[in-house]
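Here are the chains, one letter per residue:
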Amino acid sequence: MAYTIAEIAQALGLTPVGDTGLKVTGVAEPALAGPDEIALAMKPDYAARLGEGQARAAMLWHDADWESFGLKAAILSPRPRYALADLSQMMDPGPGYGAGRHPSAVIDPSAELAEDVAVGPLAVIDAGAKIGAGSVIGPQVHIGAEVTIGEGAMIHAGARIGARVTIGKRFICQPGAVIGGDGFSFVTPEASDVEVARKDISGETARHSQQWARIYSLGAVTLGDDCEVGANACIDRGTIRDTVIGDGTKVDNLVQVGHNCVIGKDCLLCGCAGLAGSITIGNSVVLAGQVGVSDNITIGDNVIAGGASVILSNVPAGRAVLGYPAMKMDAHVESYKGIRRLPRLFRDVAELKKAVSKLTGND
Amino acid sequence: MAYTIAEIAQALGLTPVGDTGLKVTGVAEPALAGPDEIALAMKPDYAARLGEGQARAAMLWHDADWESFGLKAAILSPRPRYALADLSQMMDPGPGYGAGRHPSAVIDPSAELAEDVAVGPLAVIDAGAKIGAGSVIGPQVHIGAEVTIGEGAMIHAGARIGARVTIGKRFICQPGAVIGGDGFSFVTPEASDVEVARKDISGETARHSQQWARIYSLGAVTLGDDCEVGANACIDRGTIRDTVIGDGTKVDNLVQVGHNCVIGKDCLLCGCAGLAGSITIGNSVVLAGQVGVSDNITIGDNVIAGGASVILSNVPAGRAVLGYPAMKMDAHVESYKGIRRLPRLFRDVAELKKAVSKLTGND
Amino acid sequence: MAYTIAEIAQALGLTPVGDTGLKVTGVAEPALAGPDEIALAMKPDYAARLGEGQARAAMLWHDADWESFGLKAAILSPRPRYALADLSQMMDPGPGYGAGRHPSAVIDPSAELAEDVAVGPLAVIDAGAKIGAGSVIGPQVHIGAEVTIGEGAMIHAGARIGARVTIGKRFICQPGAVIGGDGFSFVTPEASDVEVARKDISGETARHSQQWARIYSLGAVTLGDDCEVGANACIDRGTIRDTVIGDGTKVDNLVQVGHNCVIGKDCLLCGCAGLAGSITIGNSVVLAGQVGVSDNITIGDNVIAGGASVILSNVPAGRAVLGYPAMKMDAHVESYKGIRRLPRLFRDVAELKKAVSKLTGND
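The rules we used
Residues numbered from 1 in each chain as written. Chains lettered and ligands numbered in written order. Predicted model: local features only at pLDDT ≥ 70, side-chain atom pairs only at ≥ 80, totals over all residues. Heavy atoms only, no water. Helix = DSSP H or I, 4+ residues; strand = E, 2+ residues; numbered from the N terminus. Rg over C-alpha atoms; globule rule 2.2 N^0.38 Å. Buried < 20%, exposed > 50% of the residue type's maximum accessible area, 1.4 Å probe, protein only. Contact = heavy atoms within 4.5 Å. Phe/Tyr/Trp six-rings, centres within 6.5 Å; stacked < 30°, edge-to-face > 60°. Lys NZ or Arg CZ within 6 Å of the ring centre and 35° of its normal. Pairing = 2+ DSSP bridges. Salt bridge = Lys/Arg side-chain N within 4 Å of Asp/Glu carboxyl O. Buried area = accessible area lost by both parts, 1.4 Å probe. Patch = residues over 30% accessible without salt bridge, like charges linked within 9 Å, V, L, I, M, F, W, Y side chains within 5 Å. Areas by Shrake-Rupley, 256 points an atom, 1.4 Å probe, with all protein chains shown as cover. Lys, Arg positive; Asp, Glu negative; His and termini not counted. Charge placed at Lys NZ, Arg CZ, Asp CG, Glu CD. Arc of directions from axis to C-beta. Polar contact = N/O pair within 3.5 Å; in protein donor to acceptor, adjacent residues only side chain to side chain. Nonpolar A, V, L, I, M, F, W, Y, C, P; charged D, E, K, R; others polar. Least-squares fit on C-alpha atoms with pLDDT ≥ 70 in both. UniProt positions renumbered as here; feature names shortened; annotations may be inferred. Axes fitted to C-alpha atoms, helices over the stretch in contact; angles between N-to-C directions. Left-handed = near helix turned anticlockwise from the far one by under 90°.

### Topic: the overall build of chain A
1) Next: If you tally the helices and strands in chain A, you get six helices and 39 strands.
2) Next: In terms of C-alpha radius of gyration, chain A reaches 27 Å, well past the compact-globule figure of 21 Å for 363 residues.
3) Next: Every one of the 363 residues in chain A was classed for burial, and the buried ones make up 61%.
4) Next: When contacts within chain A are restricted to residue pairs at least 6 apart in sequence, those whose partners lie at least 24 apart make up 20%.

### Points about the packing of aromatic side chains
1) Next: Enumeration according to the criterion identifies six aromatic pairs over all chains in this entry.
2) Next: Geometrically, the ring pair formed by Trp61(C) and Phe69(C) is edge-to-face, given 6.1 Å between the ring centres and 70° between the ring planes.
3) Next: According to the relative accessible area criterion, Trp61(C) is buried, its value standing at 15%.
4) Next: In this arrangement the basic side chain of Arg341(A) is found over the ring face of Phe346(B), its NZ or CZ atom lying 4.2 Å from the centre.
5) Next: Sitting over the ring of Tyr216(B), Arg214(B) keeps its end group 4.5 Å from the ring centre.

### Re the pairing of strand β20 (residues 178-181) of chain B
Residue and element names in this part refer to chain B.
1) Next: Inspection of the sheet shows strand β17 (residues 160-161) paired to β20 by two bridges, in the parallel sense. Directly across from isoleucine 161, in β20, lies its bridge partner isoleucine 179.
2) Next: Bridge analysis of β20 against strand β25 (residues 234-236) gives three bridges, and the strand direction is parallel. Paired with isoleucine 179 across the bridge in β25 is isoleucine 235.

### Topic: the pattern of salt bridges
1) Next: The final tally for this structure, using the stated rule, is 36 salt bridges over all chains.
2) Next: Close ionic contact of Arg56(A) with Asp36(A) constitutes a salt bridge, the shortest N to O distance being 3.2 Å. Taken as a pair, Arg56(A) in the loop between α2 (44-47) and β6 (57-61) and Asp36(A) in the loop between β4 (26-28) and β5 (37-40) lie far apart in primary sequence, 20 residues in all.
3) Next: We classify Arg56(A) as partly exposed; its relative accessible area is 28%.
4) Next: A salt bridge links Asp182(A) to Arg237(A), with the nearest nitrogen and oxygen atoms 3.9 Å apart. With Asp182(A) in the loop between β20 (178-181) and β21 (186-187) and Arg237(A) in the loop between β25 (234-236) and β26 (243-245), this residue pair connects regions lying 55 residues apart in the sequence. Taken individually, Asp182(A) and Arg237(A) each receive the classification buried, so the pair is uniform in this respect.
5) Next: Three or more residues are tied together by salt bridges with common partners; here these are Asp182(A), Arg214(A), Arg237(A) and Glu228(B).

### Some details on the interface of chain A and chain C
1) Next: In this complex, chain A contributes 79 residues to the contact, which on the side of chain C involves 82 residues.
2) Next: For the pairing of chain A and chain C, the buried interface totals around 6300 Å² over both sides, and the portion due to carbon and sulfur atoms is 65%.
3) Next: When the buried area of chain A at its contact with chain C is split by residue, Arg79(A), Gln140(A) and Phe346(A) rank highest and sum to 10% of it.
4) Next: Summed over the shared surface of chain A and chain C, the result is five salt bridges.

### Points about the environment of Met1(A)
All names here are of chain A.
1) Next: Secondary-structure assignment places methionine 1 in the segment before β1 (3-4).
2) Next: On the basis of relative accessibility, which here comes to 75%, the residue methionine 1 falls in the exposed class.
3) Next: Distance from methionine 1 to methionine 90, taken between C-alpha atoms, is 9.2 Å for residues 89 residues apart in sequence.
4) Next: Those residues in contact with methionine 1 that sit more than four places away from it in its chain are Val24 and Thr25.

### Remarks on a positive patch on the surface
1) Next: A surface patch of like charges, here positive, comprises Lys337(A), Arg341(A), Arg344(A) and Arg347(A).
2) Next: Secondary-structure assignment places Arg341(A) in the loop between α5 (329-340) and α6 (342-360).

### What about helix α1 (residues 5-12) of chain C?
Residues and elements named next belong to chain C.
1) Next: For α1, every residue scored as buried is listed here: Ile5, Ile8, Ala9 and Leu12. Down the axis of α1, the buried side of the element spans an arc of 95°, and every buried residue falls inside it.
2) Next: Just beyond α1, the residue with positive phi is glycine 13, at close to 70°.

### Thoughts on the interface of chain B and chain A
1) Next: In this assembly, 79 residues from chain B lie in contact with 82 residues from chain A.
2) Next: Note on chain B versus chain A: buried area summed over both sides is about 6300 Å², and carbon and sulfur give 65% of it.
3) Next: Of all residues in chain B, Arg79(B), Gln140(B) and Phe346(B) give up the largest surface area on contact with chain A, accounting jointly for 10% of the area buried on that side.
4) Next: On the surface where chain B and chain A come into contact, there are five salt bridges.
5) Next: The residue Lys353(B) makes a salt bridge to Asp348(A) at a minimum N-O spacing of 3.0 Å.
6) Next: Counting every contact that joins chain B to chain A gives 32 residue pairs in polar contact (both at pLDDT 80 or more).
7) Next: Considering every element that reaches the side of chain B that touches chain A, the biggest residue donor is helix α6 (residues 342-360) of chain B, with ten residues.
8) Next: For the side of chain B that touches chain A, the per-class residue count stands at 44 nonpolar, 21 polar and 14 charged.

### Details of a nonpolar patch on the surface
1) Next: On the surface, Leu359(A), Leu359(B) and Leu359(C) cluster together into a nonpolar patch covering about 190 Å² of accessible area.
2) Next: Turning to its location among the elements, Leu359(C) is positioned in helix α6 (residues 342-360).

### Side note on the relation of the copies chain A and chain C
1) Next: Of the two same-sequence chains, chain A is brought onto chain C (RMSD 0.1 Å, axial shift 0.0 Å) by a rotation of 120°. Between the two chains, the operation in question is that of a three-fold axis.

### Quick look at the UniProt feature "active site" (unreviewed entry) in chain A
Residues and elements named next belong to chain A.
1) Next: In the UniProt entry, the feature "active site" (unreviewed entry) is given for His259.
2) Next: Looking at the element boundaries, histidine 259 is found in the loop between β28 (256-257) and β29 (262-263).
3) Next: Assessed through its relative accessible area of 12%, histidine 259 is described here as buried.
4) Next: Beyond its immediate stretch of four places on either side in the chain, histidine 259 contacts Gly183, Phe184, Ser185, Asp236, Arg237, Gly238, Thr239, Thr243, Gly277 and Ser278.

### Remarks on the packing of α6(A) against α6(B)
1) Next: Close contact between α6(A) and α6(B) brings their axes to 10 Å; oriented N to C, the two are set at 35°. By crossing handedness, the relation of α6(A) to α6(B) is classed as left-handed. Between α6(A) and α6(B), the residues in contact are Leu342(A), Leu345(A), Asp348(A), Val349(A), Leu352(A), Ala355(A), Val356(A) and Leu359(A) and Leu342(B), Leu345(B), Phe346(B), Val349(B), Leu352(B), Lys353(B), Val356(B), Leu359(B) and Thr360(B), respectively.
2) Next: Looking at the contact of α6(A) with α6(B), its residues break down into 14 nonpolar, one polar and two charged.

### Some thoughts on the environment of Gly128(A)
1) Next: Mapped onto the elements, Gly128(A) comes out in the loop between β11 (124-125) and β12 (130-131).
2) Next: Measuring from C-alpha to C-alpha, the distance between Gly128(A) and Ile172(A) comes to 21 Å, with 44 residues separating the pair along the chain.

### Here we look at the sheet that holds strand β26 (residues 243-245) of chain C
Strand pairing in a sheet relies on backbone hydrogen bonds. The paired strands run either parallel or antiparallel.
Residues and elements named next belong to chain C.
1) Next: The sheet built from nine strands is open, its strands ordered β9-β12-β15-β18-β23-β26-β29-β32-β35 with parallel pairing. Looking along the sheet, the strands with just one partner apiece sit at the ends: β9 (112-113) and β35 (298-299).
2) Next: As defined by bridge partners, strand β18 (residues 166-167) adjoins strand β23 (residues 221-223) across two bridges and the pair is classed as parallel. Residue pairing across strands places threonine 166 opposite threonine 222, the latter belonging to β23.

Structure, rendered in structure tokens:
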């Protein structure tokens, strides 16, 4: 697919400069760009490498001296990274799944698919599922019984959507994601060692021999509009009601969302984050990669947790936290500075003891 | 499916009160319950919200004043959470997989399936596999060659059971789990940087250029009875003998169990826990979410490791641990209190130094 | 498959001793070995248990007094663990997938498979894919459009290789791995809370309400020769160019490699490691289990990161690190010793304060 610089600029709501009729067929890094690719040079550091490639056009920052880079045309943007969102969507070659319904797909006759829904080879769609217009169900996907999926979904190869899950519009699901596995919920006839240990920090457990009875998950999962779920990520169904993910929230690869969690809108849960059960998370929360959250925790709006933070207690709205256990960012930085300086502190205290000992005559 | 309160109470071994002929068709949270749902109100806090819903019956704690909540009937339980295990099983709508063997499944003629085994669409069952009575093989599942699975298994969509794996009775396997991938085992011709670093804590590596030769996994995986494995969890095969998981042990989503591990009975390995190779774990051990265990570690019976603990040395039986590296719970709590108070400690020591300096005349 | 001790020794480049015509059909641990199995006893501790089993032959260390263990034959090795690589390959029973192309596989007519490529039941191979000689595509695998895979690949059940991914020779892919999911890349119209928080460690976030625009992944993934990817691991495609994994690098189960990462040769990324986006890693780097690496980090050659290290800043070549945040190994050990001794330090300082107070008369 080829676009002129003018067409791209118009789609992005930006102003083109130079030979705006120049056609490009792809996007590339400055040093690797061919003559028919638009180079992406969001800041001077990147633009400096334009000479190594053959780009004749580039996307640059808003006041870039584009002609100085030997370009024939350019698109200037006040926030090139944001412009990349639209540009990358224009240029996306897509997954290459075929159109229509592949004859090898197993679609229950009671499933209701909008007319234009594409279904890949060897996908399975169970009884009573409903899939909205414009959706693409990739190869080997499983859509469980009575699942509802809104319009415009893209469900990639081998994703598994369990029975009775409800998903909003424009859903994107990466390969191998599992939405609607059973919650991990077990109970012992008497108070278990874990229940005891939560109230007792002695470091000794009650040492019961304990067998686990299974609590079945009667709820499902509800995802809002504009959600995305990453490759091999898992979102468990709720015990009595649904686990809930709000509109616009994006869940990265290998993230675990436990049963009964209620996640707000426009959150990012980054790769390998692990959420135990019954967690409540507000809106616009960002959990960085590998963040862990203990069960029954509440996290307020606009919280940011840095990489691999382990959240063991509630976090109020608007707080940035880091560490294990997670602390307010400034306290964490201060404490960890202290840890690095501990060896010196031990030496200082040892010297003080000697000095004081001398002074008190207890030498 | 509708049950009377009397039927439910009888199934749960509990005593019903009030209009025990009242029928319910589902379970709900107090505030969300409809008139035909039994509300789950395990403690007074929850029961307080019964008025927001329409429940006419509820499951309550053992000495609850059930009539005060305006209910027509109730089931009183000394441990409602435990009663929920049976109740949720009764009410579970299940995954909605069809009965019988779907014609699209590819079942090797040499596989031995009990007569009533259900096999979902596009499942693959390889040569010599044996599957016990009452089992359900979900859509798109793969059962490898010579796998043995006991009676009553429920294998959800897209799970992968590798060749020669042996599994006991009443196995539950969530979607996308992989049992019997190859162990991650590599060796260099000479001692590798890693082998050197394990004995040398200088912080400098030996800087060999090293190529990894693969050690193939000749063993498989053996799971006992009543095991459960979570969505996208992975249990690797052993090198020479099988990796072993004991009866009643439950493995949550995205957990990794490395090659040669031997896990005891009735353990819980919670979401995202990562076990390296050749770990030995006793009975009734609970590893909370994201816990990591280094290779060749031994963990005794009844150990509990708190969320995201990183276990780098052996843990004796009956110990509760937390932290990175994991310490006995009480020591961890004490140490982390200390870390939070470090900035103050540095100030105190600085002041002491000044004071002592004055006293000694070295000002 | 039966081999004589002489045949095995020859294949391993080692010298057999004793009755070298003795035939064995498998490998076993000393205590569990049957009479037709070669026992693996790499050091005296293991050999001590030969008496518990029935092995007539064993693999032993180079100067072992093999006759003292009552063996009929032995293979002596200067590095038995290295010899195990070849031995285990000889003895590997394999996954039991059938030969040829299963009629249920859906192979696009434009895909180019070498003549001897085996394709398992219900695999899907999309348009334009190219697969090299001797490769095995397991059951229910998905190979996306225009994927290129070199000769000798073994792709296990249910792995997903996305469109346009390029893979070298002798690739091994465990079940459920996802290579070529989309990168997790989102941008807000104005600077997001995260962008602000990266420069501000106050612990308070900017509290913008923010909606995420998606940056599409136009790149794919390139893997070199002799790579392995573990079960349910995920390697995301790059934004503009490919995510790259070098020759000989092995990726374990449940590892996440984010978009745009460039990983060198002969690295080991162990189970549950999580790499954010745009990370550069040198050659012969070992990241132990659960290691996390923040985005845009550079890690030099021959770095070793211990279990669950969290790498938040660049690591120079040849360094061994540990901890959260990761520090040079020796500094980490020193700091953590300090943390364990903190309670005592607080007591010491309290006593010093009292003593000094007395001395200065401020009692």
